Amino acid sequence: MDNFPDFKLAIDDPDFFVGRDILLEEVKQNPCKARIILGGRRMGKTSLLNAIQWSLLYSNSNQSNCAFPVLINLQLVQPNNLDNLLYIMICQLIKAMEEWHELPKSSLREDYRSYRRQLVKGTIAIKLPGLEASFEVDNPNRERRLIKEDFKRELLKKLSDLRQNNFNGVCFILDGAEFITRQESWAGDACSYFRGLKDFDRDIRPFFGIILSGYREVKEYQQKIGSKLLNISDVRWLNALSHSEIDRLITQRKQHENIPLSDEGVTLVKELTGGHPYLVQQILSFISDSFRKKTSLKKEELIEDILEHHDNDFSTWWNESHEVGGCGDNEHLTYYALVEKRQGTVKSLSEHTGLKGREVKHALDVLVGTGIIQSLDKGNYKIGARLFEEWVVRQKI
Ligand SMILES: Nc1ncnc2c1ncn2[C@@H]1O[C@H](COP(=O)(O)OP(=O)(O)O)[C@@H](O)[C@H]1O
Ligand SMILES: [Mg+2]
């Protein structure tokens, strides 16, 4: 099954990634920028960051602004201070450049996947001492740390190596930035340092891109401390997939798994999932399985099965356990209002809920980014996945 992705994991296969075209193009056009990409759990952040990685690696090398991507999963590497993070960033850059250099470069799909496999092994190796042997800085205690000056020196050196390989910048992509914003003792320092590199450092500024991914916690952290990083970043919430993107996704899976899904079935998938990418994939897996096992599948049974299997996911999206950084009271009130009204604007929902306009707007942004409501034109919003709505309604009973 090596040729077939596990649709419960982030997509790392270019053949199975759909949508996000505009954002990918923007990053390609301007990779040395600060960006914050926000979305709820399973909204496709990691998949998008993978797509950014392969699209930068394989972007047209004649372009004057090609940046070499360095993808870092913060949950995996768990830096314990800023110097350690800077050390990890340089290690990953070195490792990524080595692997890229050795790649035969034949087809995007096969190359990228083997490149990823090597890098994942490399990420594990970062936890082990020894990689700093390739640094030119003095590190007498073999501590896995780089002070800012050394980071800058190493980065400038690598930038000059990269230029010989047709990349004239580096784009660091940090997945799961909550890991940083939760570090009371050094998060502020990290954000100011990256802002400084992006803003004031003439040697680095044009050649240094940084992308952070996260959910509302990352955005609110930046707002709360008036983070200088937020001020210079392009901030985006991910949306659910559009109708044409869902069509593309379904077509791919139909082809690969021979799912004989009728037009009526496609409409049902759209309605039940509201374009939430994870739900679309999971519902297709259900349908595919039942076709393979030749069991008949009724709409009601499908709904019950999914509600049962994804109870945990739904509970997390709704944030039943009231964890920091998830949906809160304002989001719940706004969602209930939409369940009743079916459609609404900031103004009408504010009247309905008694919340202030800006509270409703903020709640709507979070709900759209969680993938459970949809933003329409003319400032209108409506309920997204029917499956999720059904789950919410049942909680109230
Ligand atoms: N652009 C996409 N194309 C196809 N499937 C996607 C896409 N984005 C997300 N998915 C599906 O959604 C699931 C969750 O995506 P992931 O990137 O892991 O989300 P996050 O990092 O936000 O939690 C994946 O397992 C994949 O099946
Ligand atoms: Mg992820």
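Residues numbered from 1 in each chain as written. Chains lettered and ligands numbered in written order. Predicted model: local features only at pLDDT ≥ 70, side-chain atom pairs only at ≥ 80, totals over all residues.

**Concerning the domain arrangement of the chain**
Right, so step 1: Looking at the chain, the domain boundaries give domain 1 (14-237), domain 2 (243-309) and domain 3 (315-396).
Right, so step 2: Here the C-alpha centroids of domain 1 and domain 3 sit 33 Å apart.
Right, so step 3: Each side of the interface is counted separately: domain 1 has 10 residues, and domain 3 has 10 residues.
Right, so step 4: Taken together, the residues of the side of domain 1 that touches domain 3 break down into four nonpolar, two polar and four charged. (Domains from an automatic or database assignment. Contact = placed C-beta atoms within 7 Å. Nonpolar A, V, L, I, M, F, W, Y, C, P; charged D, E, K, R; others polar.)

**Things to note about the sheet that holds strand β5 (residues 234-237)**
Right, so step 1: With respect to topology, five strands assemble into an open sheet ordered β2-β3-β4-β1-β5, the strand pairing being parallel. Looking at strand neighbours, the two that pair on one side only are β2 (68-73) and β5, the edges of this open sheet. Mean inter-strand twist for the sheet, computed between neighbouring axes without regard to direction, equals 15 degrees.
Right, so step 2: Both strand β1 (residues 34-38) and strand β4 (residues 208-214) contribute to a ladder of five bridges, which runs parallel. Opposite A34, over in β4, you have I210 as the bridge partner.
Right, so step 3: Contacts from helix α2 (residues 45-57) reach β1, β2, β3 (170-175) and β4 within the one sheet, and its direction differs from that of β3 by about 165 degrees. (Pairing = 2+ DSSP bridges. Helix = DSSP H or I, 4+ residues; strand = E, 2+ residues; numbered from the N terminus. Axes fitted to C-alpha atoms, helices over the stretch in contact; angles between N-to-C directions.)

**Some details on the environment of N231**
Right, so step 1: Within the secondary structure layout, N231 lies in helix α10 (residues 228-232).
Right, so step 2: On the basis of neighbour counts, which here come to 11 C-beta atoms within 10 Å, the residue N231 falls in the exposed class.
Right, so step 3: On a C-alpha basis, the gap between N231 and R195 in space is 9.0 Å, while along the polypeptide they are 36 residues apart. (Buried ≥ 20, exposed ≤ 12 C-beta atoms within 10 Å, placed from the backbone.)

**A few points about the packing of helix α1 (residues 21-29) against α2**
Right, so step 1: Viewed as axis vectors pointing N to C, α1 and α2 meet at an angle of 45 degrees, and their least axial separation amounts to 10 Å. Considering their axes alone, α1 and α2 lie oblique with respect to each other. The chirality of how α1 crosses α2 is right-handed. For the pair α1 and α2, contact is made by L24, V27 and K28 and by A51, I52, S55 and L56, respectively.
Right, so step 2: Grouping the amino acids of the contact of α1 with α2 by side-chain chemistry returns five nonpolar, one polar and one charged. (Parallel < 35°, antiparallel > 145°, perpendicular 65-115°, else oblique. Left-handed = near helix turned anticlockwise from the far one by under 90°.)

**Structural notes on the site of ligand 1**
Right, so step 1: Taken together, 21 residues surround ligand 1, and among them A10, G44, K45, T46 and S47 come closest.
Right, so step 2: Among the secondary structure elements, those contributing two or more residues to the shell around ligand 1 are α2 and α13 (277-292).
Right, so step 3: Its residues assigned to classes, the shell around ligand 1 comprises 10 nonpolar, six polar and five charged.
Right, so step 4: Of the domains in this structure, domain 1 (14-237) and domain 2 (243-309) are the two that each give at least three residues to the shell around ligand 1. (Near = placed C-beta within 6 Å.)

**Comments concerning the nonpolar core**
Right, so step 1: Counting residues in hydrophobic clusters, the biggest one holds 103 residues, and the most contacted among them are V70, I72, M89, I90, V170, F172 and I173.
Right, so step 2: Per-element tally for this core: the top contributor is helix α4 (residues 82-102), with 11 residues.
Right, so step 3: In contact with F172, not counting residues within four places along its chain, are V70, I72, M89, G209 and I210. (Core = buried A, V, L, I, M, F, W, Y, C linked by C-beta atoms within 7 Å.)

**A look at helix α12 (residues 263-273)**
Right, so step 1: Burial in α12 covers these residues: V269, L272 and T273. Down the axis, α12 shows its buried residues gathered within 85 degrees of arc, on one side only. In α12, those exposed residues whose orientation departs by more than 90 degrees from the buried face are D263, E264, T267 and E271.
Right, so step 2: On the buried face of α12, the contacting elements are α11 (243-257), α13 and α19 (386-396).
Right, so step 3: The positive-phi residue at the C-terminal boundary of α12 is G274, with phi of around 55 degrees. (Arc of directions from axis to C-beta.)

**With respect to the sheet that holds strand β6 (residues 343-344)**
Right, so step 1: On the basis of which strands lie adjacent, the open sheet formed by three strands has the order β6-β8-β7 and antiparallel pairing. For this open sheet the edge positions go to β6 and β7 (373-375), each flanked by a neighbour on one side alone.
Right, so step 2: Two elements, β6 and strand β8 (residues 381-383), share two bridges in a ladder whose sense is antiparallel. Residue pairing in the sheet places Q343 in a bridge with K382 of β8.

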